[in-house]
Amino acid sequence: SNELYRAFGFDDPSRPTPTIIALLLFFQTIWAPVDKILSFVLTVFSRQCEFAADRFSVELKMSKKLQSGLCKIHLENLGAMCPDPWYSMYHYSHPPLVERLSAMMILDKKIN
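Residues numbered from 1 in each chain as written. Predicted model: local features only at pLDDT ≥ 70, side-chain atom pairs only at ≥ 80, totals over all residues. Heavy atoms only, no water.

Chemist: Just to check I follow, could you spell out a nonpolar patch on the surface for this structure?
Modeler: On the surface, Ile-20, Leu-23, Leu-24, Phe-26, Phe-27 and Ile-30 cluster together into a nonpolar patch covering about 610 Å² of accessible area. Inspection of the secondary structure puts Phe-27 in helix H2 (residues 19-59). On the basis of relative accessibility, which here comes to 51%, the residue Phe-27 falls in the exposed class. (Patch = residues over 30% accessible without salt bridge, like charges linked within 9 Å, V, L, I, M, F, W, Y side chains within 5 Å. Areas by Shrake-Rupley, 256 points an atom, 1.4 Å probe, with all protein chains shown as cover. Salt bridge = Lys/Arg side-chain N within 4 Å of Asp/Glu carboxyl O. Helix = DSSP H or I, 4+ residues; strand = E, 2+ residues; numbered from the N terminus. Buried < 20%, exposed > 50% of the residue type's maximum accessible area, 1.4 Å probe, protein only.)

Chemist: Explanation requested: the side chain of Thr-43 in the structure shown.
Modeler: Position of Thr-43 relative to the elements: it lies in helix H2. Classification of Thr-43 as buried rests on a relative accessible area of 9%. Each residue touching Thr-43, except ones within four places of it in the same chain, is listed here: Met-89, Tyr-90, Tyr-92 and Ser-93. (Contact = heavy atoms within 4.5 Å.)

This is how it looks when you write it as structure tokens:
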């Protein structure tokens, strides 16, 4: 589209249309949804790793210390106690504190 090229200052008819600009705009449009999907997948993976680390602390019998430390960090950072589950699933790389604490308490009861 010639209007788009003119908007970026490429309005000289004697010069060829810059292909790189068209490719950049095309790939930027194509990449946006791919980026959202990849971001969500990486967030889910990160959250699974956090729960695995919490499980490991329970197996080492150190979950009480981890729970105490997580509460201190959470209070210091002024994090949201109960964020919306859908929002936190998409945007937070770490599970909310309440989810982590309840998962550790359930695992503590199973192991002990």
